[in-house]
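# Structural characterization, general
Below are the chains, spelled out letter by letter.
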Amino acid sequence: MVKYKLFRILLLSFISILLAISLLFAITERVSENVLQQNLQNTSLNQLSHAVDEMEQDLKQLEILTVLLSNDSSIKSYGTSKDFSPYLNSLLLRKNIEEKLLTQSYANIVHSSVYVYWPQLNQVLTSTDNRTVRTYDEDQWPKLPKFNWFISQENGFELRYILVAPFLKTQNLGEVNFTVETALGEPFLQNVLNGVEAAGNGKAFFYNPNFAPVTSGEVNEPLLQQIRDLYATNTFSTGKLNHQTVKINQEHYLIQSVSSSVLNWELVHYIPLDDFLKPLNQTKTITRFSLAFLCVSGVLMLLMLYRNIMKPFSYLIRKIEALGQGAYESRVHLKLNNEYDYLFERFNEMADRIQTLIEDVYEEKLLSREAVYKQLQSQINPHFLYNCLFYIVSMAKKDPDAVIQMAKNLAEYYRFITKNNVQHEISLEEELKWIKSYLSVQSLRNPKIIYTMDIEESMKPLLVPPLFLQPIVENSIVHGIDNKIGAGQIRICGQVVDDMYCFTVEDDGYGLQPEEMKQLSARITNKQNSSGNGSGFGLWNIHQRLQHRYGNTSGVQIESSELGGLKVTVHWTSKEDKHIP
């Protein structure tokens, strides 16, 4: 069995390289995505932090301006202007304060509304054009934060900063000389959001769970609800910097927030990651298509390698194995128009030479077997003649008729030998006729001999070597029946069993002991017993003839017979049998 190690190594190498490239691509994609997300996260957080810092600086600047206004002499003196005798001076002072408020409102980058309120006079001066009168309820006054920015919705959404003079966190409005308030509308926060959105890739809004979110435009409502749920469950807790990735409606969002310590609000920013990573995803798609193309190309190359190299190689191996198993006519009939054609031609030439040599050697072996066969046959003829002559001598005085029958049988025997001397095959039917004649003679010598024959009709036309059954019958009488008083039964059978022709001769004679039977079997199967001396020589002769003629699966076997004597079985293969036509 040939092991195709080279093709297996190439296949494993291709799979290993493919897996390594796939793993490298996967790691590269993952690292690239993580780097982009990290850069996006850091950049966005820096932008949010910068926006919050600028907003808080603007608010602190407004706080400073509010403090400066509270120290203005005009504002301080206006509270006592009712004590002035000239009424005109009071009006001029009021006009001066209004101009200062208007100048401060427009001088700063952040447009704000400034209110100055004198509780004792119950008057309010403002920088706005609509002259909105702002009043302070004595019951609500203690609840309003002082010196801090806070959200008010009394007159719409407003960011308010109240400064009280004197600088005391008084709870009683009657103790206040005047208040200075700076107010910012919702557009201030929207401008901050516009700046964040202009510099980034997503949307932003201010969030406080106690108020409606402040937005610069439309906001993704499902995402807003998701953020509320995150804050409600403390999953996205308030803090200086926070970020998290969520998935809504099969879309991924990067959510970030920066907390403002001045406003106590969260500046929340969300970026659709799928849109941001779209160029990377396109690169991933191209990479995966390239990897798929590489896989398909590699598989096609392996198929071409298998078809043009491994398949012809396997075909050549099968032909070589067939030649090694004895199919010497095996030839390669494949034409590929490549380097394999040279190998195929050389193989065919080699097979031709091997077949020629094998046929020559086989023919020589057949001639040698035929010579051995004729030598063995020449040894059987004298052996039988000796037995017949000794029988005639022993029966000459006792039974002349038996001598006549024996002489007649001997004459017929030599006529049989002379007739078949030039051929080495006769029909089994002729062999059986001769055995019947021989048994008739033996029954004359010993009236107790009774024989039966049961031969399948399909076996009678078989061509067999002459005199390959007669010695067995002879041994059955001479060594079996003659050595046991009262014995005389012989049974001859012939049948086909599992593609084997079996011919058995058994008697009720003396038989053999197990050890003797074992020794006789060893002598029969021993190829070096050509001296012709000792018992069992006839069986050995038949066994060797069958082995030479029909192969190693044929031969002679001995065993005990159910009749009480010995059972000899002759068997040979039926795959290459010959019949008389």
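For the structure, see preceding data.
Residues numbered from 1 in each chain as written. Predicted model: local features only at pLDDT ≥ 70, side-chain atom pairs only at ≥ 80, totals over all residues. Heavy atoms only, no water.

### A word on the pattern of salt bridges
Rule in force here: Throughout this description, the term salt bridge denotes a Lys or Arg side-chain nitrogen within 4 Å of a carboxyl oxygen of Asp or Glu. Only DSSP runs of H or I with at least four residues qualify as helices, and only runs of E with at least two residues qualify as strands; both kinds are numbered from the N terminus onward. Three labels apply to residues, based on accessible area from a 1.4 Å probe with only protein chains included: buried if under 20% of the type maximum, exposed if over 50%, partly exposed otherwise in between.
Under the criterion given, the structure shown has 8 salt bridges. The closest approach of N and O atoms between aspartate 352 and arginine 331, which form a salt bridge, is 2.6 Å. Placement of the pair is aspartate 352 in helix H8 (residues 340-395) and arginine 331 in the loop between helix H7 (278-324) and H8, with a sequence separation of 21 residues. For glutamate 506, the salt bridge goes to arginine 491, with nearest N and O atoms at 3.0 Å. Here glutamate 506 is found in strand E15 (residues 500-507), whereas its partner arginine 491 is found in strand E14 (residues 489-497), with 15 residues between them in sequence. In this structure arginine 491 comes out as partly exposed when scored by relative accessible area, which is 23%. Salt bridges sharing common partners tie together Arg491, Glu506 and Glu562.

### Let's talk about the nonpolar core
Within soluble globular proteins, side chains that are nonpolar generally end up buried alongside one another. We count it as follows: Remark: nonpolar core denotes a set of buried residues (Ala, Val, Leu, Ile, Met, Phe, Trp, Tyr, Cys) joined through side-chain atoms within 4.5 Å. When checking whether two residues touch, look at their non-hydrogen atoms; a contact exists if any pair is within 4.5 Å.
Grouped together as the largest cluster of nonpolar side chains are 37 residues, with contacts concentrated most on Phe468, Ile492, Phe503, Val570 and Trp572. Within the residue set of this core, elements represented by two or more residues are helix H10 (428-445), helix H11 (470-481), E14, E15, helix H12 (514-525), helix H13 (537-550), strand E16 (555-560) and strand E17 (566-573). Excluding anything up to four places from it in sequence, phenylalanine 468 contacts Leu428, Glu431, Ile542, Arg545, Leu546, Val570 and Trp572. Counting 27 residues, the second largest nonpolar core, distinct from the first, contains Trp149, Tyr161, Leu193 and Val196.

### Digging into the sheet that holds strand E2 (residues 123-126)
To keep things clear, this is the line we draw: In this description, strands pair whenever DSSP reports at least two bridges between them. Here an angle of 0 to 180 degrees is reported between the N-to-C directions of two axes, which are lines fitted to C-alpha atoms, with helices fitted over the stretch in contact.
Judged by pairing direction, the sheet is antiparallel, and its 5 strands sit side by side in the order E2-E1-E5-E4-E3 without closing on themselves. Looking at the sheet topology across the chains shown, the edges are occupied by E2 and strand E3 (149-152). The sheet shows a mean angle of 30 degrees between the axes of neighbouring strands, taken without regard to direction. Pairing analysis gives 8 bridges linking strand E4 (residues 158-165) to strand E5 (residues 178-185), with the strands arranged antiparallel. What sits directly across from valine 164, in E5, is threonine 179.

### Some thoughts on the sheet that holds E16
Overall, mixed pairing links the 5 strands, which are arranged E12-E14-E15-E17-E16 in an open sheet. Single-partner strands in this sheet number two, and they are strand E12 (450-455) and E16. Each adjacent strand pair in this sheet contributes to an overall mean axis angle of 15 degrees, direction not counted. Of the pairings in the sheet, the one linking E16 to E17 comprises 6 bridges and is antiparallel in character. The residue bridging glycine 555 from the neighbouring strand is histidine 571, located in E17. In the packing of H12 onto the sheet, contacts are made with E16 and E17, and the angle to E16 comes to roughly 175 degrees. Where H13 meets the sheet, its contacts fall on E16 and E17, and the angle it forms with E16 comes to roughly 135 degrees.

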